[in-house]
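Architecture at a glance
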Amino acid sequence: MMSCSKVWLEASLNESGIKVSTEMVEDILHRFENGGMQAYKFFEWAQKQRYYTHSVRAYHIMIGSLAKIRQYQIMWDLINKMRDKGILNVETFCIVMRKYTRAKKVDEAIYTFNVMDKYGVTPNLAAFNGLLSALCKSKNVRKAQEMFDSMKDGRFVPDSKTYSILLEGWGKAPNLPKAREIFRGMVDKGCQPDIVTYGIMVDVLCKAGRVDEAVGVVKDMDSAGCKPSTFIYTVLVHTYGIDNRIGDAVDTFLEMERNGVAADVAVYNALIGAFCKVNRYKNVPRVLDEMDRKGVVPNSRTTNIILNSLISRGETDEAFSVFRRMMKVCDPDADSYTMMIKMFCEGGDLKNALKVWKVMNKKQFVPSMHTFSVLINGLCDKGEVSKACVFVEQMIEKGIQPPSSTFGRLRQLLIKENREDVLEFLVEKMKLLVKDPLWD
């Protein structure tokens, strides 16, 4: 999967003698969720194998992957196959709605919700909440509110999750008065806020710079017998960190422990971020040691917080050292690799940028579109046009369409070097492998 092009993948898989299982297929599709058409080619091959049938989860992962590269026609073909097999469910349509809104295709997301009936799936409150969530997370909270206002007194009865989604949406808008209105309206309708709703309200207030008011909400919920969650403590610690109130951040963390709430990796990450924000990097190893003693394993977010802090302060050698050390305790994610590659490219150190790329391939990590673009842009900056072309070709063969800005830049360099033949080759390759009308 990592080394073979899409053209020869099926033949290589046939020769491998591999016997597929549900767990293996799901694992590979998940690992190759950024793999574009490469992942789809494997999906097609797997469904032809004897004694094997794709699970609902396998379909869902593949649908999400196809939507990422905007292969919507193939995505809907899979949905039709799921309908024929009788395995379509509400989550299928929620995935599609999320992907459409992330691509700023709001009308298509609403259309997806409206055609559920035609596919034999009754749109219920969970589906409606899924649509509202997709709209809010893509900064279309006004449209979500419009949908809510048109349906709240008829087709669906809102629950605490419905109100929580809108509350979070208006909080991110940001529109604190509207968020407060939603919270009050929820209570007025007799819908009791739960721990999630309280958590979102605290988050909204903190993001609006009202951390002291957020603390008041925490006290109110505590009085009502609703114990603050680790999420709420995480939000408070993070906000104090942003405000350079490191003393309050530490006090809140200690209060959480006194109240018997076990610290998780998220709240530790917030504490690490708070120390980084006030340039108290020496405290970070102590926090990591405490995590180790308490059996809390760092994650890629832990790595990224530390890396981001070091890179922003120009401590690139230390950042690379931390990156290598952290790889021994947790796997980096796309952001980790991208940050390191970008750091080296911006410093003109293509040798180490390519070294990180090799490590990523060795770990069998599939690079995202953004990771590819960062490296290609770095190579273009240094005039390494031929190497940039190699990575663009790899990108295309994985079925990932290069961003117009990245490809446009490479196009200019190729024309400048009178290498129109290479440019034509790449364009033709995109037409053949990506099959995207954008390139026709």
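In what follows, the accompanying structure is described. Predicted model only: the values in this text are computed from it and were never measured.

Inspection of the entire model under this criterion finds 20 salt bridges. Among the salt bridges present, the one from Glu-315 reaches Arg-313, with a minimum N-O distance of 2.8 Å. Of the residues examined, Glu-315 reaches a relative accessible area of 30% and is grouped as partly exposed. Connected through salt bridges with shared partners, the residues Glu-10, Lys-41 and Lys-48 form a single ionic network.

So, on to unusual backbone geometry. That bond from Ala-173 to Pro-174 is cis: its omega, -10°, falls within 30 degrees of zero. Its location among the elements puts Pro-174 in the loop between α10 (160-172) and α11 (176-188). Non-glycine residue Tyr-51 carries a positive phi angle of around 60°. Along the chain, Tyr-51 turns up in the loop between α3 (37-47) and α4 (56-68).

Two numbers describe a pair of packed helices, the interaxial angle and the distance between the axes. Here helix α18 (residues 300-312) crosses helix α20 (residues 334-346) at 20°, and the two axes come no closer than 9 Å. Judged by the inter-axis angle, α18 sits roughly parallel to α20. α18 and α20 meet at a crossing whose hand is left-handed. Listed contacts from α20 to Ser-300, Asn-304, Leu-307, Asn-308 and Ile-311 of α18 are Asp-335, Ser-336, Met-339, Met-340 and Met-343.

For the rest of this paragraph, the subject is the packing of aromatic side chains. All told, the structure shown has 17 aromatic pairs when counted by the stated rule. A centroid spacing of 5.0 Å and a plane angle of 35° characterise the contact between Tyr-72 and Tyr-100, whose relative ring orientation is tilted. Here Tyr-72 is found in helix α5 (residues 72-85), whereas its partner Tyr-100 is found in helix α6 (residues 90-102), with 28 residues between them in sequence. Among the residues examined, Tyr-100 registers a relative accessible area of 6% and is labelled buried. Judged by centre distance (6.2 Å) and plane angle (50°), the ring pair of Phe-113 and Phe-128 falls under tilted.

Let us now look at the side chain of Ser-373. Topologically, Ser-373 is positioned in helix α22 (residues 369-381). Classification of Ser-373 by relative accessible area gives buried; the value is 5%. Polar contacts involving the side chain of Ser-373 include one to the main-chain carbonyl oxygen of Met-369, which spans 2.9 Å. When sequence neighbours within four positions are dropped, the list of residues in contact with Ser-373 reads Met-395, Pro-403 and Thr-406.

Attention now moves to the state of the cysteines. For the coordinates displayed, the defined rule picks out zero disulfides. Cys-136 supplies the cysteine sulfur nearest to Cys-94, a cysteine that is in no disulfide, at a spacing of 14 Å. For Cys-94, a relative accessible area of 6% puts it in the buried group. Free of any disulfide, Cys-345 has its nearest neighbouring cysteine sulfur in Cys-380, separated by 10 Å. For Cys-345, a relative accessible area of 10% corresponds to the buried category.

Basis of the calculations
Residues numbered from 1 in each chain as written. Predicted model: local features only at pLDDT ≥ 70, side-chain atom pairs only at ≥ 80, totals over all residues. Heavy atoms only, no water. Salt bridge = Lys/Arg side-chain N within 4 Å of Asp/Glu carboxyl O. Buried < 20%, exposed > 50% of the residue type's maximum accessible area, 1.4 Å probe, protein only. Helix = DSSP H or I, 4+ residues; strand = E, 2+ residues; numbered from the N terminus. Axes fitted to C-alpha atoms, helices over the stretch in contact; angles between N-to-C directions. Parallel < 35°, antiparallel > 145°, perpendicular 65-115°, else oblique. Left-handed = near helix turned anticlockwise from the far one by under 90°. Contact = heavy atoms within 4.5 Å. Phe/Tyr/Trp six-rings, centres within 6.5 Å; stacked < 30°, edge-to-face > 60°. Polar contact = N/O pair within 3.5 Å; in protein donor to acceptor, adjacent residues only side chain to side chain. Disulfide = S-S within 2.5 Å.

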